Amino acid sequence: MRAERERQRFFDARSVRVPGRAPRWIVPTVKVALVIADAFAVAFSFIAAFTLRQGASAFAADGGLAWSEAFAPYGALMLFVVGIRLLSFRYCDLYRVRGEFSFVDDAMHIFKATAIGSLLIVAAAFLYRGGFEFRAFSYSRSVFVVDFLLVLLSVGLIRLIIRSVQTFVRSRQINLIPTLVVGRGHESSLFIREMRERPALGYRVIGVVDTKLGEANQSDSYEGVPVVGTLQELPEAIRDSGANEVIIADSEVNGDALFEVMMRCGRRRGVEFRIAPSLFNCLPRKTEIDQIGVLPMIRLFREPLSSSARILKRTSDLIISALAVALLLPLWLLIAVLIKLDSKGPVFYTQERVGMDGRLFLLYKFRTMVANADSELHREYQRAFIAGRAEANLGNEQKPTYKLLADPRITRVGKLLRKSSLDEVPQLWNVLLGDMSIVGPRPPIPYEVEAYELWHRKRLDMKPGLTGLWQVSGRNRLPFEEMVRLDLFYIENWSLLLDLKIILRTGFVMLGREGY
């Protein structure tokens, strides 16, 4: 009853819900239009650069659309030029139209994207050389310099027009981002006033979330904005109000409570969290600092890896897994024969596992147990292991062992495969399919995830791996919570160099027969 009375003191979050910011097709349409405009601008700039530097027309004299003889070697590069430019624009986030923006930041991104694109185009030109037909042709470097300048100007002009239209529309209170503010302190008051006075920044504060329930001076509004609930009710407030962003502006907010609420909200709702700079005590390591008006804000990453980092990691996964599958194919055939000779049943064992963001997938392994083995023994042990109970340690205090050793279900060949970790090799197929990565947290079984505490689920923020930091840092000698901490350390500190170190250390672990 008391909770109900407290809840009635706040506005119903559904009452502050605003109409849709814009039809769902608007933003994708704008992005497609930007891509098309950029493609035309890039092609025009390349043609204009040739005309200005060489003093010749890019088109044939008969008035058709064919390239002139002088421009033909450059025309052979046109697809490379347009493709590389668009990819560099995407890489530098030039197609982001949501949220706040700065003309200065946009200019810096355009310069970076144009410079990267020009370097790649020059490299492509002197490596490809227009194909076999123009293999002896020498390209003019000055054409590429002029092209760089023209692209910088034309793409900059396109972004200036788009941003000007965006500013005009927002100043008319159209298509603003519905935002909730957490807290009633100085930062929250300043943010609310700033957003109210400068709608061109793109935000509409629709509600305030209180962090101190039970105070006598509570009211139904703060700075003219309805109070829609408490911190514990934030997930429901987000759902009912339709908020797209949450600004955390209370320096006294409890970090643990905030973390728990953010975990309950998750990434699937597409909500961005930002936090005032005074709250460094509850920040994860991966953050991004930007500015809304005169206010500095720290955006909490919704994804553990940036777009470029995900592309880099996925590319390395594909290269390594493809090479490994090709090199290990004879070994696969040998293992398959040994499994068939040792016991009845299929060569491969498939099991449902939990991947990134809780997605289920089928994991492939060489079968190391008798066919149709009962999983209840493993299920009971994993519950004890995750709960941290003493009986999960099957060794002793000096040499702890968190693994079922005397498992009657394991075959003779299975023991050898597990000792050498070769039973894991078929997971290279999972890497190729995109369910897993070469390096990452161990993929859990669904009944293991059911026993997780809330903070344990953070290890699902990245694709599971064939190997990982836990596997090379003690493996079965580590309790579950230490394993999770290692996984979270890896997620927060990922780099390609760290992956390489783990892969190399995995080789030494396998040679030392520490797999089981």
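Residues numbered from 1 in each chain as written. Predicted model: local features only at pLDDT ≥ 70, side-chain atom pairs only at ≥ 80, totals over all residues. Heavy atoms only, no water.

Colleague: Tell me about helix α5 (residues 103-128), residues and numbers included.
Modeller: Helix length check: α5, at 26 residues, gives a terminal C-alpha distance of 36 Å against a target of 38 Å (1.5 Å per residue), a fit within 8%. Among all positions of α5, only Asp106, Ile110, Ala113, Thr114, Gly117, Ser118, Ile121, Ala124 and Ala125 are buried. Packed against the buried residues of α5 are α4 (78-91) and α6 (141-171). (Helix = DSSP H or I, 4+ residues; strand = E, 2+ residues; numbered from the N terminus. Expected span 1.5 Å × (residues − 1). Buried < 20%, exposed > 50% of the residue type's maximum accessible area, 1.4 Å probe, protein only. Contact = heavy atoms within 4.5 Å.)

Colleague: Talk me through the pattern of salt bridges; I want residue IDs and the actual numbers.
Modeller: Following the criterion strictly, the structure yields 16 salt bridges and no others. A salt bridge links arginine 184 to aspartate 210; the nearest nitrogen and oxygen atoms lie 3.0 Å apart. One end of the pair, arginine 184, is in the loop between β1 (177-182) and α7 (186-197); the other, aspartate 210, is in strand β2 (residues 203-210), with 26 residues separating them in the sequence. A salt bridge links arginine 274 to glutamate 272, with the shortest nitrogen-to-oxygen separation between them at 3.3 Å. Judged by relative accessible area, glutamate 272 falls into the buried class, the value being 7%. (Salt bridge = Lys/Arg side-chain N within 4 Å of Asp/Glu carboxyl O.)

Colleague: Requested: an account of empty space enclosed by the protein, with residues and values cited.
Modeller: Under the definition given, this model contains two cavities of 30 Å³ or more. Of the pockets and cavities examined, the largest cavity occupies roughly 70 Å³. Along the walls of the largest cavity sit Leu34, Leu94, Arg96, Val97, Asp106, Arg159, Ile162, Arg163 and Gln166, which together make up its complete lining. Taken together, the residues of the lining of the largest cavity sort by class into four nonpolar, one polar and four charged. Within this model, the second largest cavity holds a volume of roughly 30 Å³. Looking at the second largest cavity, the residues that line it are Val354, Gly355, Met356, Pro441, Arg442, Pro443, Pro444, Arg459, Leu460, Met462 and Pro464. (1 Å grid on protein atoms, 1.4 Å probe; cavity = no way out; pocket = protein on both sides within 12 Å on 5 of 7 lines; lining within 4 Å. Points joined across faces, edges and corners; volume = space filled by probe spheres on them. Nonpolar A, V, L, I, M, F, W, Y, C, P; charged D, E, K, R; others polar.)

Colleague: Give a description of the packing of aromatic side chains that names residues and reports values.
Modeller: Evaluation of the coordinates by the stated rule reveals 20 aromatic pairs. Measuring from ring centre to ring centre gives 6.5 Å for phenylalanine 126 and phenylalanine 144, while their planes differ by 50°; the resulting arrangement is tilted. Here phenylalanine 144 lies in helix α6 and phenylalanine 126 lies in helix α5, a separation of 18 residues in the sequence. The rings of Phe46, Phe50, Phe59, Trp67, Phe71, Tyr74, Phe126, Tyr139 and Phe144 are connected pair by pair, giving a single aromatic cluster. (Phe/Tyr/Trp six-rings, centres within 6.5 Å; stacked < 30°, edge-to-face > 60°.)

Just distances and angles here, no functional claims.
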